[in-house]
Each structure stands twice: as C-alpha cells, then as structure tokens.
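Fold and geometry: a report
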Amino acid sequence: MIKIAIFSDVHGNLPALEAVLEDIKQRGIKQKFCLGDLVDFAPWGNEVIERIRNLNIPCIMGNHDERIAFDLPVIPLSKHSEEETQARFIAIDHSKKFITSDNKKYLAELPFHLKLNYKIGRKHWNIQLVHSGLESNETYLYESEDDEVFTDILQQSQSDLVMMGHTHLSFKKRFDNGRWAVNCGSVGRSKEENRLASYVIITMDEEKIIPEIVQIEYPLEETAQQIELSGIPDYYASFLRNEKVSVF
C-alpha cells in the first residue's frame with residue numbers, strides 16, 4: 001500500500017501550510033505534491049515558496065504563480081464583486097513588489113502539470129496533477145459539472161485519477177472502472193463554509209485507489225490579524241473569518 005498527500009492553493013498563508021504539513025507528518029506520509037498558487041492574499045508569499053523549495057516538494061504552476069513570475073496584467077473577473085476586484089488588484093500588486101527575484105524565478109520554472117505512475121504488484125496507477133485543467137490553469141471546474149467534463153480529462157490524460165485545485169472547493173467524484181476526479185480544495189484560502197485548511201490523501205494498493213479529503217484547523221484569527229497589519233487589503237482577513245464578503 002502507498003499513501004501520498006496532495007495540496008493546493010496556499011496563497012501566502014504560512015500558518016495554514018505549516019498545519020497541513022504537520023498533519024501529513026503525523027500520519028507518516030512521506031510523499032507530498034503541491035498543485036500551485038503559492039502566492040497572493042496573505043503576507044507570507046516568500047516564506048511559503050521557500051518552505052516548498054526547502055522541503056523539495058514537487059509543485060506545479062498555478063495561475064497566480066504565473067502572474068507573479070511573469071508580471072502579467074490583472075484582468076478583472078465578471079464573477080467578482082467591485083469590492084473583491086479592487087482588493088484583488090492591490091493584493092496582487094503587493095506580491096509583485098515583495099516576492100523576491102529568486103522566488104519569482106522559481107515560480108517561472110514550475111511545470112504546468114505532472115503525471116505520476118505508481119506500480120503496486122501487477123497494477124500501474126496513473127495520477128494526473130493539474131492546477132485547474134490540462135490546457136489552462138484558469139479553468140473553473142466544480143463538482144456540479146457534467147460527468148463527461150471529467151471523464152474526458154481522464155481519457156485524454158490516460159489516467160485513473162485527476163487531481164486539481166484552483167476553485168478552493170473540495171470534492172471527489174467516482175466514475176466507471178474506479179476512476180476519480182478530485183479537487184483537494186485550498187490550504188490557505190478555503191471558500192468552504194468551515195474555512196478549514198484542506199488537502200487530500202491518496203491511498204493505493206493493487207486493487208484500488210482511494211482519495212480522502214482532510215480538513216484541519218489552523219490559527220485563522222492570528223492569520224487574519226497579520227493580514228490586517230500588512231499591505232494586503234482587509235478584505236482577505238474578513239474573507240478568512242467568513243464575514244460578509246463575496247465567496248468567489
């Protein structure tokens with residue numbers, strides 16, 4: 001039996017990342033993978049990147065990583081309120097100013113997606129890691145999508161399981177032949193009501209592959225207070241507290 005841990009969307013939230021890493025350690029899981037979006041919205045972007053780098057955790061490029069690495073323009077999204085749109089511009093500009101050139105270089109060199117293959121006995125398990133999709137890291141795929149959306153990705157990638165993040169909403173969907181589409185949610189900026197840090201444990205043996213969504217507490221209030229003391233808009237502190245702000 002093999003266990004691996006997969007997480008995504010830390011968004012500069014070092015306390016949440018440390019809580020997730022400690023939980024993974026306590027469970028004795030050695031292999032960890034990150035699906036990107038290390039930066040923006042909390043004040044520890046550099047520290048998060050350096051933690052991932054120092055632990056040699058394989059990581060792919062999220063849309064926020066790409067924007068900071070290459071200084072791409074911020075494009076307003078129609079689903080965002082005016083309040084969130086304004087806060088988003090300021091928060092991303094904060095990252096562009098404070099993420100170090102060395103860490104931007106690291107982000108620029110991240111792979112777009114990764115394919116894992118594990119052999120257990122006579123069985124090969126293929127796991128496709130993406131930030132949001134095979135062709136784009138700006139694709140929003142929710143649990144409510146038609147099954148065909150996910151089975152097409154599984155077929156195109158020739159995988160037994162596709163792991164994604166980006167939406168900050170965790171889910172797992174099982175299809176024919178024991179195949180799965182799983183979103184591991186967000187470590188640092190969950191959009192779920194509980195606002196807990198979320199990640200996924202994948203357990204594999206020769207017969208089956210099983211995903212488990214894990215959600216844990218972290219010092220959220222302390223994190224929110226540190227956001228308020230930084231140059232990042234208070235919007236993101238209110239968001240963590242699940243106060244009345246837009247959830248998308």
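These lines cover the structure that appears in this document, whether it is placed above or below. (Residues numbered from 1 in each chain as written. Predicted model: local features only at pLDDT ≥ 70, side-chain atom pairs only at ≥ 80, totals over all residues. Heavy atoms only, no water.)

1. Re the overall build of the chain
From N to C terminus, the chain includes 8 helices and 9 strands. Its C-alpha atoms give the chain a radius of gyration of 17 Å, near enough to 18 Å, the size a compact globule of 248 residues would have. Structurally, the chain occupies a C-alpha span of about 55 × 35 × 35 Å along its principal axes. Counting the 248 residues in the chain, one finds 56% classified as buried. Across the chain, the fraction of contacts at a sequence separation of at least 24, relative to all contacts at a separation of at least 6, is 67%. As displayed, the chain has an accessible area near 11100 Å², and 48% of this comes from carbon and sulfur atoms. Placing the 28 positive and 39 negative side-chain charges of the chain at their respective mean positions leaves the two points 5 Å apart. (Helix = DSSP H or I, 4+ residues; strand = E, 2+ residues; numbered from the N terminus. Rg over C-alpha atoms; globule rule 2.2 N^0.38 Å. Buried < 20%, exposed > 50% of the residue type's maximum accessible area, 1.4 Å probe, protein only. Contact = heavy atoms within 4.5 Å. Areas by Shrake-Rupley, 256 points an atom, 1.4 Å probe, with all protein chains shown as cover. Lys, Arg positive; Asp, Glu negative; His and termini not counted. Charge placed at Lys NZ, Arg CZ, Asp CG, Glu CD.)

2. So, the pairing of strand S2 (residues 31–34)
When strand S1 (residues 2–7) meets S2, the two strands line up parallel, connected through 4 bridges. Residue pairing for S2: Phe7 is matched across the bridge by Cys34. Crossover S1 to S2 through helix H1 (residues 14–26) is right-handed. (Pairing = 2+ DSSP bridges. Right-handed = clockwise from strand over helix to strand, strands pointing away.)

3. Examining helix H7 (residues 220–229)
Residues Leu220, Thr223, Ala224 and Ile227 constitute the buried set of H7. The buried residues of H7 occupy one face: seen down the axis, they fall within an arc of 100 degrees. Residues of H7 that are exposed and point more than 90 degrees away from the buried face comprise Glu222 and Leu229. For H7, the secondary structure elements touched by its buried residues are H1 and helix H8 (235–240). (Arc of directions from axis to C-beta.)

4. A short note on the pattern of salt bridges
Applying the stated criterion across every chain yields a total of 13 salt bridges. Between Glu109 and Lys105 there is a salt bridge, with its nearest N and O atoms 2.7 Å apart. Taking relative accessible area as the criterion, Glu109 reaches 54% and is therefore assigned exposed. Look at Lys105 and you get partly exposed, because its relative accessible area is 48%. (Salt bridge = Lys/Arg side-chain N within 4 Å of Asp/Glu carboxyl O.)

5. Re the sheet that holds strand S9 (residues 209–216)
Sheet strands pair by backbone hydrogen bonding; their relative direction is either parallel or antiparallel. What the 4 strands build is an open sheet, ordered S2-S1-S8-S9; its pairing is mixed. The sheet is open, and its two borders are formed by S2 and S9, each paired with just one other strand. Strand-to-strand twist across the sheet, computed as the mean angle between neighbouring axes with direction ignored, equals 25 degrees. Summarising the sheet, strand S8 (residues 197–204) and S9 pair through 8 bridges and their orientation is antiparallel. Each bridged residue has a counterpart across the sheet, and for Val200 the counterpart in S9 is Ile213. Contacting S1, S2, S8 and S9, H1 crosses the sheet at an angle of about 25 degrees to S8. (Axes fitted to C-alpha atoms, helices over the stretch in contact; angles between N-to-C directions.)

6. Concerning the nonpolar core
If you look at the biggest cluster of nonpolar residues, it comprises 49 residues, and the most contacted ones within it are Phe7, Leu17, Leu38 and Leu107. The leading source of residues in this core is H1, at 7 residues. Residue contacts for Phe7: discarding those within four places in its chain leaves Leu17, Leu21, Ile24, Lys32, Phe33, Cys34, Leu35, Ile52, Ile57, Cys184, Val187 and Tyr199. The next biggest cluster of nonpolar side chains, apart from the first, holds 20 residues, and it includes Met163, Trp180, Cys184 and Met204. (Core = buried A, V, L, I, M, F, W, Y, C linked by side-chain atoms within 4.5 Å.)

7. Side note on the pairing of S1
Taken together, the 5 bridges between S1 and S8 define a ladder with antiparallel strand orientation. Bridging across to S8, Ile4 finds its partner in Ile202.

8. Focus: the sheet that holds strand S5 (residues 161–164)
Strand order across the open sheet formed by 5 strands is S3-S4-S5-S7-S6, with mixed pairing between neighbours. Both edges of this open sheet fall to strand S3 (114–120) and strand S6 (171–174), since each of them pairs with a single strand only. In this sheet, neighbouring strand axes are inclined to one another by 15 degrees on average, regardless of whether the strands run parallel or antiparallel. Of the pairings in the sheet, the one linking S6 to strand S7 (residues 180–183) comprises 4 bridges and is antiparallel in character. When the sheet's bridge partners are listed, Arg174 is paired in S7 with Trp180. Lying on the sheet, helix H6 (residues 147–157) is in contact with S3, strand S4 (123–129), S5, S6 and S7; it crosses S5 at an angle near 110 degrees.

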